Amino acid sequence: WRVVETDTRELICCVPEEDIRLSVSCKFHIFRNEEEAKQYEDPKAGLTPEQMIRTMKEDLLMRGKIPEDWAGEDVPLYQLGPVFYKEYIQPRAPTTQDVEKAWAKFL
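Keep in mind that this is a model prediction, so the values were computed, not measured.

> Outline helix α2 (residues 49–62), listing residues and values.
Given 3.6 residues to a turn, an α-helix orients residues that are three or four positions apart in the same direction. Taking 1.5 Å of rise per residue, 14 residues should cover 20 Å, and α2 covers 20 Å from first to last C-alpha, within 8% of that figure. Check the buried side of α2 and you find it contacts α3 (77–89). Positive phi shows up at Gly64, right after α2, with a value of about 70°.

Written out as C-alpha cells, the structure is:
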C-alpha cells in the first residue's frame, strides 16, 4: 500500500499489506413499516444539540450537581463536558471486569 500526496504525487510512505487492517462498520435502522421510518427521518422528531444540553443542565441543576450560576446560556461546553461525562457516561461505562468477562467467552 502506498500513501501518495494528492497534488504532487510524492510518495509519502509504503506499508506492507500484512501490516494493514481494514474494518467496515455498518449501522442499519430497521423499521416495522414505512410510517415508522418516516417518523425516524422527521427532523422535528429529534432533539437538537441545544435541547439536549439544556435538558441535561436542568437535570444537573435540580440535582445540585452544578452551581446555580451555570443556569444561563453562556456556560462553555468545555466546563459542562466533564460534568456530563461524570454524571451520564462514566456510571454506565463497563468496568475492566465487565470487559474481561465479555472477552473471556472468546479467548
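> Tell me about unusual backbone geometry, and name the residues and values.
Although it is not a glycine, Arg9 adopts a positive phi angle of roughly 65°. On the secondary structure map, Arg9 appears in the loop between β1 (2–4) and β2 (11–14). Residue Arg9 is classed as exposed on the basis of its relative accessible area, which comes to 60%.

> Help me get a handle on the packing of aromatic side chains, residues and values and all.
If you walk through the whole model with that rule in mind, you get two aromatic pairs. Between Phe31 and Tyr40, the ring centres sit 5.3 Å apart and the planes meet at 50°, which makes this aromatic pair tilted. For Phe31, a relative accessible area of 28% gives the class partly exposed. Under the relative-accessibility criterion, Tyr40 is labelled partly exposed at 47%.

> Got a sec to walk through the layout of surface pockets? Specific residues and values, please.
Where empty space is left becomes clear once a probe the size of a water molecule has been rolled over the atoms. Taken as a whole, the largest pocket encloses approximately 160 Å³ of empty space. Glu50, Ile53, Arg54, Lys57, Glu58, Leu61, Ala71, Glu73, Val75 and Leu80 together form the lining of the largest pocket. If one sorts the elements of the lining of the largest pocket by residue count, α2 sits on top with six residues. Its residues assigned to classes, the lining of the largest pocket comprises five nonpolar, no polar and five charged.

> Residues and numbers for a negative patch on the surface, please.
A cluster of acidic residues, Glu50, Glu68, Asp69, Glu73 and Asp74, forms a negative patch at the surface. Residue position: Asp69 is located in the loop between α2 and α3. Taking the relative accessible area as the measure of exposure, Asp69 reaches 60% and is therefore exposed.

> Describe the environment of Val75, listing the residues and the values that go with them.
Summarising the element assignment, Val75 is placed in the loop between α2 and α3. Sequence separation of Val75 and Leu22 is 53 residues, and the distance between their C-alpha atoms is 41 Å.

Conventions used here
- Residues numbered from 1 in each chain as written.
- Predicted model: local features only at pLDDT ≥ 70, side-chain atom pairs only at ≥ 80, totals over all residues.
- Heavy atoms only, no water.
- Helix = DSSP H or I, 4+ residues; strand = E, 2+ residues; numbered from the N terminus.
- Expected span 1.5 Å × (residues − 1).
- Contact = heavy atoms within 4.5 Å.
- Buried < 20%, exposed > 50% of the residue type's maximum accessible area, 1.4 Å probe, protein only.
- Phe/Tyr/Trp six-rings, centres within 6.5 Å; stacked < 30°, edge-to-face > 60°.
- 1 Å grid on protein atoms, 1.4 Å probe; cavity = no way out; pocket = protein on both sides within 12 Å on 5 of 7 lines; lining within 4 Å.
- Points joined across faces, edges and corners; volume = space filled by probe spheres on them.
- Nonpolar A, V, L, I, M, F, W, Y, C, P; charged D, E, K, R; others polar.
- Patch = residues over 30% accessible without salt bridge, like charges linked within 9 Å, V, L, I, M, F, W, Y side chains within 5 Å.
- Areas by Shrake-Rupley, 256 points an atom, 1.4 Å probe, with all protein chains shown as cover.
- Salt bridge = Lys/Arg side-chain N within 4 Å of Asp/Glu carboxyl O.
- Lys, Arg positive; Asp, Glu negative; His and termini not counted.
- Charge placed at Lys NZ, Arg CZ, Asp CG, Glu CD.

Everything listed here is a matter of geometry and, on its own, says nothing about what the molecule does.
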